Amino acid sequence: MLAEWRYFRLPWRYAHGRIIVAGGISIHAVDVASGRPAQGLRVEIWRVDPDSLRIADGRLGANGVLDHAVAQGAGVTAGEYEVLFHLGEFFGERDGFLTVTPFRFRIKNVDEHFHLPLKFTRWGYSLFRGA
């Protein structure tokens, strides 16, 4: 049984003699007009300060979640970040209302987890730091 633990990814790390919940940035998106997870929505995560570096780029799975190592803290350092939600691509309209929806925030403590739930329609969105 213990041999199997090495294959189980936990969002924690061991530091200073104790277990610490790992930081990271997780994304969960729902199209509230249809009541469905935003499967296929393209999301980019950029660190924009102190340097400009894309740390994640992917599409949300069937559950509306970005399955990427950034959720466990890979590549996350202190600084300012921008997440880009490609809603225009998601709806497949060249003349749609929303195109790319940005969300900027700052991370001071990399041990904290930043969960970003996005709820949206063709015409608007709600985005915040969740629990």
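Our structure's up above, just so we're on the same page.
Given the structure is predicted, the values throughout are model-derived calculations rather than measurements.

Turning our attention to the sheet that holds strand E10 (residues 125–127). Here we have four strands laid out as an open sheet, ordered E4-E3-E9-E10, and mixed in their pairing. Lying at the two open borders of the sheet, with one neighbouring strand each, are strand E4 (36–37) and E10. Bridge count between strand E3 (residues 24–31) and strand E9 (residues 113–120): eight bridges; the pairing is parallel. The partner of alanine 29 across the bridge, within E9, is leucine 118.

Counting buried positions over the eight residues of E3 gives seven, a clear majority of the element. Where E3 lies against E4, two bridges are found, and the strand directions are antiparallel. Looking at E4, one finds that aspartate 31 is bridged to arginine 36. Between E3 and the antiparallel strand that follows it, E4, lie four residues; glycine 35 among them carries a positive phi value of about 75 degrees.

Cut-offs and rules
Residues numbered from 1 in each chain as written. Predicted model: local features only at pLDDT ≥ 70, side-chain atom pairs only at ≥ 80, totals over all residues. Heavy atoms only, no water. Pairing = 2+ DSSP bridges. Helix = DSSP H or I, 4+ residues; strand = E, 2+ residues; numbered from the N terminus. Buried < 20%, exposed > 50% of the residue type's maximum accessible area, 1.4 Å probe, protein only.

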